[in-house]
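# A structural walkthrough
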Amino acid sequence: MMKKVIGIFVSFALVPLFFSCKGEKSAEEKCINAAQGVIERTIGKLENVSFKTIPTTEEGLDRFEIEATGGLLSIGGSSPSAICYAMDRYLREACGSMICWSGSKLDIPEIWPDWDEEAVSPYELRYFLNVCTFGYTTPYWGWERWSKEIDWMALHGVNMPLASVAAEAIAKRVWLKLGLEADEIDSFFTGAAHLPWHRMGNLNRFDGPLDDNWHNSQIELQHKILDRMRELGMEPVAPAFAGFIPPALMKKHPEIQARQLTWGGFPLEDNACVLSPDSPWFTKIGKLFVREWEKEFGKAKYWLSDSFNEMKLPVEEGDDEGKHKLLAEYGKAIYNSISAGDSDAIWVTQGWTFGYQHDFWDPESLKAMLSGVPDDKMIIIDLGNDYPKWVWHTEQTWKVQEGFHGKKWIFSYVPNFGGKVLPTGDLDMYATASAEALASEYSKNLVGFGSAPEGLENNEIVYELLADMGWTRESIDIDRWLESYCRARYGFCDNQMREAWKLLHKSVYSSLYSYPRFTWQTVTHDRRRVSRHGIDDDFGKAVKIFLSLSDKCDSPLYFNDAVEFSALYLAELADRHYEKALKLGRTEKGREELGKTVAILSDVDRLLASHPLHRLDRWISDARGEEGSALEKDRRESNAKRLITTWGGWQEDYAARFWSGLIRDYYIPRLEIHFSEKAGMLDEWEEEWINTPYHSNTKPFDSPLEVAKELIANEK
């Protein structure tokens, strides 16, 4: 089919009372122009397409309309994100096209296929991102990459993104106003890649400091991010004060009462101190944070503050009365510190810790924390609805906490820890669990749906499915949905493709593990965080069928998946050899098995060099950036490499990226050192690698798919 790119025309509907692009005609034009901007940037200018604004429902919920007839396509939506999602949906369902992180498959027909569809999102808010995403994926992004991500959000219906860039620049202004010196403040901050854990009160100082060049660049970037989000009708979630203070402030003001926290195996001097809830400094500092942020970036509605992430409060065992009193004081202190800065503000908090530490956060304890906060001034993001089933073995948190005791809440998932690449995700659960929540007695306060991955650019199928779940009250028939997914991603879905995806669904996409890693990525078995994945014999069968279809498909997304699936299959074969090597130890046969492991992984590294995402050179290029001295670039690079390798504290190999360059130049040498007489010097080698500027020497195969077929056919 021919692709035509000429011009878009717009139309304006009469706008009744309930309408998110409300106001005069200029507001409607802004709504249309914003959506059109996304579409032109991602697809190009299209012929015979009209866009229009339509009203929300009486409840204020977004909706869209798609009508294609006689070769003319009309897209209507009640907000820019509704229009963008509708366009993306039509392209997927009617035209067999897909826009995703790893690229696009755009089959734009000369004549638009007939189509008639309308839908209402059952959620006022469609949330996206995780505090940790700003470490595991985005810390070194510039505006070009952020612009693409915000467009991706709009096409996937997001209207409530987390926006925590430049939080430290605002914090520095606050600490300066309170009398601290610049060097005391800068040394309080971690390196950029570790900032999420600084923001959540887990970590100070580590791999820092930051300087004004960094702060100024982040202020400039955040303005662009917020301008684009607001242009698209999104409500960004701003970072608020959570009670964590620099030690220098306590030295300057000895009267300050603060509690020492512990986290992650770090020494106390790297852990945070949190203000006592009865401290007058809580409201004083919180007010300054909000005022300084709004002075720089304008008014915000939602403010994120997490004071207890993966940490227990210092309360006596069995003293429930004291525990509940302290929690009530903290809840009231955090809310008051935000509302003092902006009386219209709504406190948003991540509900991760309420499930992760479910023994501590029983219903009475959470009720206590919420007791001093007005119901209409708080939203709880029930962050990880996937983990009760697969990891915690509990009821989902929203059930245990009875719909969060009258507070508004968002149903969300954490499909990924640390940006790990290995395929994982329970598609059946993702296609049904939110529908159960909507049908429950607790749905009256359920205002949103979202996903909060710790790392992006992986497992794209999961996020395509979750985008659709944000626009339905019902469960999705996953088998039918998979057929549509394959047609959009690859251009066809014949019996062989169905069989391949049936096996992928049965194996890697019917499981969800916190730590999907290979043993060769951790050198020895990690006893603290046990590695598990679903790459089994069924996955191997799926890969072989998938590769056999290469002559039928010229989609770039097929190529990307074929490279990734093949590399994963071969990496699992390497892991089997490596497990034998570990059992045999430093013997001749053990080293023989190690040699087989290294040979396979060397080929895997070259295969992944042809993938658009899974490459170390991209990560390092982003970290080094264009600005700053050579020394600043080297420091950013070392911080970026540390996060995905040794991390710090107990977190070594947590991120475990399956990337070209990282396999050849980090994982393979570690295995060889472990099996050598220099095994005792492995930590020193890791540190040297982190601090030595990286230069990629991996040479991709000329014909990666043909090589993949040959390697798998000759597997041993």
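Keep in mind it's a predicted model, so treat the numbers as computed, not measured.

## What about the packing of helix H24 (residues 616-624) against helix H25 (residues 630-643)?
At a closest axis distance of 8 Å, the pairing of H24 and H25 adopts a crossing angle of 140 degrees. Regarding the angle of H24 to H25, the classification is oblique. As for how H24 packs across H25, the hand of that crossing is right-handed. Between H24, through Trp 619, Ile 620, Ala 623 and Arg 624, and H25, the contact on the second element is made entirely by Ala 630, Lys 633, Asp 634, Arg 636, Glu 637, Ala 640, Lys 641 and Leu 643. Each residue belonging to the contact of H24 with H25 can be placed in one class, and the counts come to six nonpolar, no polar and six charged.

## Side note on the sheet that holds strand S13 (residues 273-275)
Spatial strand order, S11-S13-S12: three strands in an open sheet with antiparallel pairing. Edge strands, defined here as strands with exactly one partner in the open sheet, are strand S11 (244-245) and strand S12 (258-260). The pairing of S12 with S13 spans three bridges and is antiparallel. Bridging from a neighbouring strand, Ala 258 pairs with Leu 275 of S13.

## So, empty space enclosed by the protein
Counting across every chain of the model gives 10 cavities of 30 Å³ or more. In this model, the largest cavity occupies a volume close to 360 Å³. Elements supplying a minimum of two residues to the lining of the largest cavity: helix H5 (167-177), helix H7 (195-199) and helix H10 (280-297). Ranked by the residues each element gives to the lining of the largest cavity, the list is headed by H5, at five residues. For the lining of the largest cavity, the class distribution of residues is 17 nonpolar, four polar and three charged.

## Topic: the side chain of Ser 451
Mapped onto the elements of the fold, Ser 451 is located in strand S19 (residues 446-451). Under the relative-accessibility criterion, Ser 451 is labelled buried at 7%. In contact with Ser 451, other than residues within four places in its own chain, are Tyr 127, Phe 128, Leu 129, Ser 412, Tyr 413, Tyr 463 and Leu 466.

## A short note on a negative patch on the surface
A contiguous patch of negative charge on the surface is contributed by Glu 316, Glu 317, Asp 319, Asp 320 and Glu 321. Tracing the sequence through the fold places Asp 319 in the loop between strand S14 (302-304) and helix H11 (320-339). Here Asp 319 falls in the partly exposed class, since its relative accessible area comes to 34%.

## Points about the environment of Glu 441
Looking at where Glu 441 falls in the secondary structure, it is placed in the loop between helix H17 (433-438) and S19. Since its relative accessible area comes to 61%, Glu 441 is described here as exposed. As for Glu 441 and Lys 399, which are separated by 42 residues in sequence, their C-alpha atoms are 9.8 Å apart.

## A closer look at the nonpolar core
Among the nonpolar cores identified, the biggest contains 251 residues, and Trp 175, Ile 285, Trp 501, Trp 520 and Phe 658 are the most heavily contacted of them. Here the element with the most residues in this core is helix H22 (residues 556-584); it accounts for 14 residues. If we ignore the near neighbours within four places in the chain, the residues touching Trp 501 are Ile 461, Leu 482, Tyr 485, Cys 486, Tyr 490, Tyr 509, Phe 546 and Phe 565.

## Quick look at the pairing of strand S17 (residues 408-413)
Counting buried positions along S17 yields five of six residues, so the element is predominantly enclosed. Summarising the sheet, strand S16 (residues 378-382) and S17 pair through four bridges and their orientation is parallel. Looking at S17, one finds that Ile 379 is bridged to Lys 408. In the sheet, S17 pairs with S19 via five bridges, with the strands oriented parallel. Paired with Phe 411 across the two strands is Phe 449, which belongs to S19.

## Concerning H25
The end-to-end C-alpha separation of H25 is 20 Å, in line with the 20 Å expected for 14 residues at 1.5 Å each. The buried count for H25 comes to 10 of 14 residues, which makes it a mostly enclosed element. All buried positions along H25 are accounted for by Glu 632, Lys 633, Arg 636, Glu 637, Ser 638, Asn 639, Ala 640, Lys 641, Arg 642 and Leu 643. Residues of H25 that are buried sit in contact with helix H3 (133-136), H7, helix H8 (212-231), H24 and helix H27 (682-691).

## Section: helix H26 (residues 662-674)
Each α-helix winds once per 3.6 residues, and so residues spaced three or four apart point in a common direction. A rise of 1.5 Å per residue sets the reference length of H26, with its 13 residues, at 18 Å; its end C-alpha atoms lie 17 Å apart and thus fit the reference within 8%. By the largest-angle criterion, Ile 668 marks the main kink of H26, which is about 25 degrees, and a proline, Pro 669, follows within four residues. Of all 13 residues making up H26, 11 are buried, and the element is well covered by its neighbours. Looking at the buried residues of H26, the elements they touch are H22, helix H23 (588-608), H24 and H27.

## Overview of the sheet that holds strand S8 (residues 125-128)
With parallel pairing, eight strands are arranged side by side in an open sheet as S9-S8-S19-S17-S16-S15-S14-S10. What marks the edges here is a single partner per strand, and that holds for strand S9 (160-161) and strand S10 (237-239).

## Observations concerning the pattern of salt bridges
Applying the stated rule across the entire model yields 54 salt bridges. Notably, a salt bridge pairs Asp 468 with Arg 92, separated by 2.7 Å at the nearest N-O pair. Taken together, the residues span a long stretch of sequence, with Asp 468 in helix H18 (residues 460-469) and Arg 92 in helix H2 (residues 80-95) at a distance of 376 residues. Here the two residues Asp 468 and Arg 92 agree in accessibility, since each one is buried.

## Brief notes about the confidence of the model for the chain
Of all residues in the chain, 96% have pLDDT values of 70 or greater, and the mean over the chain is 94. pLDDT under 50 marks residues 1-19. Its contacts with residues more than four places away, or in other chains, come to 58 contacts.

Here is what the cut-offs are and how they apply
- Residues numbered from 1 in each chain as written.
- Predicted model: local features only at pLDDT ≥ 70, side-chain atom pairs only at ≥ 80, totals over all residues.
- Heavy atoms only, no water.
- Axes fitted to C-alpha atoms, helices over the stretch in contact; angles between N-to-C directions.
- Helix = DSSP H or I, 4+ residues; strand = E, 2+ residues; numbered from the N terminus.
- Parallel < 35°, antiparallel > 145°, perpendicular 65-115°, else oblique.
- Left-handed = near helix turned anticlockwise from the far one by under 90°.
- Contact = heavy atoms within 4.5 Å.
- Nonpolar A, V, L, I, M, F, W, Y, C, P; charged D, E, K, R; others polar.
- Pairing = 2+ DSSP bridges.
- 1 Å grid on protein atoms, 1.4 Å probe; cavity = no way out; pocket = protein on both sides within 12 Å on 5 of 7 lines; lining within 4 Å.
- Points joined across faces, edges and corners; volume = space filled by probe spheres on them.
- Buried < 20%, exposed > 50% of the residue type's maximum accessible area, 1.4 Å probe, protein only.
- Patch = residues over 30% accessible without salt bridge, like charges linked within 9 Å, V, L, I, M, F, W, Y side chains within 5 Å.
- Areas by Shrake-Rupley, 256 points an atom, 1.4 Å probe, with all protein chains shown as cover.
- Salt bridge = Lys/Arg side-chain N within 4 Å of Asp/Glu carboxyl O.
- Lys, Arg positive; Asp, Glu negative; His and termini not counted.
- Charge placed at Lys NZ, Arg CZ, Asp CG, Glu CD.
- Core = buried A, V, L, I, M, F, W, Y, C linked by side-chain atoms within 4.5 Å.
- Expected span 1.5 Å × (residues − 1).
- Bend = angle between axes of the 7 residues up to and from the residue.
- pLDDT = per-residue confidence, 0-100.

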